[in-house]
Amino acid sequence: MSIITEIKSFIRANGPATCRDIAAAVNAEPRDIIPVLRNAVDRMALSERNGFYDLLSTESRRQSFNWIEGCALPGWVYRLARGPRTCESIDVVVELNSIKQEQGWPSFIFASIDVRLGCFKCLSTGEIVDRYVLRYMPLDTTPSARNGGAL
């Protein structure tokens, strides 16, 4: 079995993984795996986002995610972050509590989570709404093959 086949099998079984996780799974040093991973990404055999390697999806459908109660940021949510290092963000739909709704806000808003600061920012007003978040749902903002890569 080739090294890339082992890597793909590991990712298929465990989901997106870091170089260190993959190296441990195939019993190799990370420095030996890095060129293999970079080559696989260049050949479009794997994708890389924020240090996590994954299988390329041949489907053009977007992923859907579950609601998350409160402002907690589970690890899988961090892996959805996009943008330059230290400026990564995640687009979400937020359900606001009654306090904010009494101020004239709608029940649901589009917001962005600043991963570095861990705060929820309304995309319409720029206001930080952390204190008012009941729950949120991450949005899949990856380019879709179906619409030519546009969001």
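Structure: see above.
The structure displayed is predicted, hence computed values, not measured ones.

Scoring rules and cut-offs
- Residues numbered from 1 in each chain as written.
- Predicted model: local features only at pLDDT ≥ 70, side-chain atom pairs only at ≥ 80, totals over all residues.
- Heavy atoms only, no water.
- Salt bridge = Lys/Arg side-chain N within 4 Å of Asp/Glu carboxyl O.
- Helix = DSSP H or I, 4+ residues; strand = E, 2+ residues; numbered from the N terminus.
- Buried < 20%, exposed > 50% of the residue type's maximum accessible area, 1.4 Å probe, protein only.
- Axes fitted to C-alpha atoms, helices over the stretch in contact; angles between N-to-C directions.
- Parallel < 35°, antiparallel > 145°, perpendicular 65-115°, else oblique.
- Contact = heavy atoms within 4.5 Å.
- Nonpolar A, V, L, I, M, F, W, Y, C, P; charged D, E, K, R; others polar.
- Phe/Tyr/Trp six-rings, centres within 6.5 Å; stacked < 30°, edge-to-face > 60°.
- Lys NZ or Arg CZ within 6 Å of the ring centre and 35° of its normal.
- Pairing = 2+ DSSP bridges.

Q: What should I look at first to understand the pattern of salt bridges in this one?
A: If charged atoms from side chains of opposite charge come close, those side chains can pair. Scanning all chains against the criterion turns up two salt bridges. For the salt bridge of Glu95 with Arg135, the shortest nitrogen-to-oxygen distance reads 2.5 Å. Residue Glu95 is found in strand β4 (residues 89-96), and its partner Arg135 is found in strand β7 (residues 133-138); the two are separated by 40 residues along the sequence. A relative accessible area of 24% places Arg135 in the partly exposed class. With a closest N to O distance of 2.6 Å, Lys100 and Glu127 form a salt bridge. In this pair, Lys100 is assigned in helix α5 (residues 98-102) and Glu127 in the loop between β6 (119-122) and β7, connecting sequence segments 27 residues apart.

Q: Explanation requested: the packing of helix α1 (residues 3-14) against helix α3 (residues 30-42) in the structure shown.
A: For any two helices packed against each other, one specifies the inter-axial angle together with the distance between the axes. Orientation of α1 relative to α3, taken along the N-to-C sense of each, is 80 degrees, at an axis distance of 11 Å. Judged by the angle between their axes, α1 and α3 are roughly perpendicular. Counting all contacts with α1, which are made through Ile3, Ile4 and Ile7, the residues of α3 involved are Ile33, Val36, Leu37 and Ala40. A per-class count over the contact of α1 with α3 returns seven nonpolar, no polar and no charged.

Q: When you look at the packing of aromatic side chains in this model, what are you seeing that I'm missing?
A: Each aromatic ring pair is specified by the distance between its two centres and by the angle formed by the two planes. Overall, the coordinates contain three aromatic pairs when judged by the stated rule. Ring geometry for Phe120 versus Tyr136: centroids 5.0 Å apart, planes at 65 degrees, classification edge-to-face. One end of the pair, Phe120, is in strand β6; the other, Tyr136, is in strand β7, with 16 residues separating them in the sequence. Each member of the pair, Phe120 as well as Tyr136, carries the same accessibility label: buried. Against the face of Phe52 rests Arg79, its NZ or CZ located 5.1 Å from the ring centre. In this structure, Lys100 packs its charged tip against the face of Tyr132, placed 4.6 Å from the ring centre.

Q: Help me understand the pairing of strand β1 (residues 46-49), please; the structure alone is not making it clear to me.
A: For a regular strand, the rule is simple: side chains alternate between the two faces of the sheet. As judged from the four bridges shared by β1 and strand β2 (residues 52-55), these two strands associate in the antiparallel manner. If you follow Ser47 over to β2, its bridge partner there is Asp54. Hairpin remark: β1 followed by β2, antiparallel, with two residues in the connecting loop; positive phi at Asn50, about 55 degrees.

Q: How do you make sense of the environment of Ile128 when you look at a structure like this?
A: Structurally, Ile128 can be placed in the loop between β6 and β7. Overall, Ile128 belongs to the partly exposed group, its relative accessible area being 44%. Distance from Ile128 to Ala111, taken between C-alpha atoms, is 9.1 Å for residues 17 residues apart in sequence. Each residue touching Ile128, except ones within four places of it in the same chain, is listed here: Cys119, Phe120 and Lys121.

Treat this as a map of the structure, not an account of what it does.
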